[in-house]
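# Examination of the molecular architecture
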Amino acid sequence: MMGTVVLATSSAAFEQKVRRAFGTSVNGSVQRQHTEGMFSDTLAVAKFLSSSNPDVIAIGPNVPVDLALEATRAIEDERPEIGVILVAEATSDLWEQALHAGVRDVLVPDATDDQIRGAFNRVLETAERRRRNLAVDAGVPESSGRVITILAPKGGVGKTALATNVAVTLAANGEGRVALLDLDLQFGDVASALGLEPENTIADLARVAGGVTATSLKVLMARRDESLYALCAPNSPADDVPEAVVDKVIRLLSEDFENVVIDTSAGLNEATLGAIDLSTDLVFLCDLSASALRGLRKVADALDSLGAVEQKRHFVVNRADSKVGITPSDASAIVGMEVDAEIPSSQIVPLAMNYGNPVVEESPHSAVALGFESVAGLFVDMGSDRKRGFSFRRNR
Ligand SMILES: Nc1ncnc2c1ncn2[C@@H]1O[C@H](COP(=O)(O)OP(=O)(O)OP(=O)(O)O)[C@@H](O)[C@H]1O
Ligand SMILES: [Mg+2]
């Protein structure tokens, strides 16, 4: 753990617990503040607790929940870069209230050492990134993670297959945490391709009363494993997700995750344009059909004329071994970009997608898995000579 932590509680036992959980790995400071009798003036409490510029404030145990939440609101207003952890018995009611107040995590008083370490480390990490982002201020925060948007104006060319396999590969290779965002808002099938049964979707986020916050996002995302989270598409194509929500979601995800992978719908709609705007990387995807290639060329030209030229563009050909009279080099000439990666055709892709097991996990040695991995390799910082050696670590 690195950073400064303030524990607002009368419980010396809880302080001992936190210190014990981190053992000697504390590289920062932990201080406990007595707050008894102070919580009637929550603004004063917020100021007092923030005065030592901590990264994280943990409120409780032994603090009445309503007062703790009020103090959290005040801290969130005054000092949004500080992360608040609430230590209280967690009921689903409490979670909802906590989420609205801006609490980043809830710990039960008898949390295990692992849970304590997990919560503090997560919140510290985010707090640090927020702090850096605040220092930079304005626009897309400079320290934000990579945002990779998969684009193909033609339907069915393999956007979802690519997005899911790239996300899984990045997450499994220790490239930091990955958020996979399904922006095919009407018919998105990321959840099914990954075998997830999400309780919530981006549509619920649009309905959260407190608006989209880092906390509400975290609560509503589906967790596949510790490094891969997905925000899934609405269950009904009729669910409306306002553009402002999409925009906020992408900004927050890029603050909290090292990698954001965005699957889009066919065509070029407002949500996709919004994603492009906030992306660091665009993956232009096609198969070897004339219509896919012409469509992609039009998108590239349209983005040029819209001035979307800062994002790094990558060109990937799917089903690249199809013998259909157009070769990858023809594709390169039509689209006007070098081909960065080729993915062969294979029956195991639809099979794996139907079963909800991505190919890179299901058949890691197959040529098609290596193709998906080579796309993930485009986003790994290593010398260009090592790029080709990038492979899926079979550590699951
Ligand atoms: N390399 C491949 N080899 C064989 N089948 C593939 C390959 N890539 C994708 N597919 C299959 O093609 C179909 C369409 O793929 P996918 O759903 O990923 O496309 P999409 O671009 O996301 O489509 P949509 O525009 O409908 O969202 C799926 O059944 C998928 O399994
Ligand atoms: Mg799709």
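Residues numbered from 1 in each chain as written. Chains lettered and ligands numbered in written order. Predicted model: local features only at pLDDT ≥ 70, side-chain atom pairs only at ≥ 80, totals over all residues.

## Looking at the packing of helix 6 (residues 159–172) against helix 16 (residues 367–377)
Contact pair helix 6 / helix 16: the axes reach a minimum separation of 9 Å and the direction vectors enclose 65°. Of the possible angle classes, the one that applies to helix 6 and helix 16 is roughly perpendicular. Taken as a pair, helix 6 and helix 16 cross one another with a handedness that is right-handed. Along the contact surface, helix 6 presents Leu-162, Asn-165, Val-166, Thr-169 and Leu-170, while helix 16 presents Phe-372, Glu-373, Val-375 and Ala-376. Looking at side-chain class alone, the contact of helix 6 with helix 16 contains 6 nonpolar, 2 polar and 1 charged residues. (Axes fitted to C-alpha atoms, helices over the stretch in contact; angles between N-to-C directions. Helix = DSSP H or I, 4+ residues; strand = E, 2+ residues; numbered from the N terminus. Parallel < 35°, antiparallel > 145°, perpendicular 65-115°, else oblique. Left-handed = near helix turned anticlockwise from the far one by under 90°. Contact = placed C-beta atoms within 7 Å. Nonpolar A, V, L, I, M, F, W, Y, C, P; charged D, E, K, R; others polar.)

## Details of the site of ligand 1
Close contacts around ligand 1 come from 19 residues, with Gly-155, Gly-158, Lys-159, Thr-160 and Pro-350 the closest. For the shell around ligand 1, the elements supplying multiple residues, two or more each, are helix 6 and helix 14 (348–355). Residues belonging to the shell around ligand 1 are distributed by class as follows: 9 nonpolar, 7 polar and 3 charged. (Near = placed C-beta within 6 Å.)

## Focus: unusual backbone geometry
The omega torsion of the bond from Gly-60 to Pro-61 falls at 5°, within 30 degrees of zero and hence cis. Within the fold, Pro-61 resides in the loop between strand 3 (56–59) and helix 3 (65–78). Even without being a glycine, Asn-53 presents a positive backbone phi close to 55°. Checked against the element boundaries, Asn-53 lands in the loop between helix 2 (42–50) and strand 3. By C-beta crowding, Asn-53 is classed as exposed, having 11 other C-beta atoms within 10 Å. In this structure, Asn-62 is a non-glycine residue whose phi angle is positive, near 75°. With respect to the helices and strands, Asn-62 occurs in the loop between strand 3 and helix 3. Look at Asn-62 and you get partly exposed, because 16 C-beta atoms sit within 10 Å. (Buried ≥ 20, exposed ≤ 12 C-beta atoms within 10 Å, placed from the backbone.)

## Regarding the confidence of the model for the protein
Reading predicted coordinates in detail is not appropriate for stretches of low pLDDT. For the protein, per-residue confidence averages 87 on the pLDDT scale, and 90% of positions sit at 70 or higher. Every residue in residues 136–142 scores below 50 in pLDDT, and together they form 6 contacts with partners more than four places removed in sequence or on other chains. Counting contacts from residues 382–396, a segment whose pLDDT is below 50, to residues more than four positions away or on other chains yields 20 contacts. (pLDDT = per-residue confidence, 0-100.)

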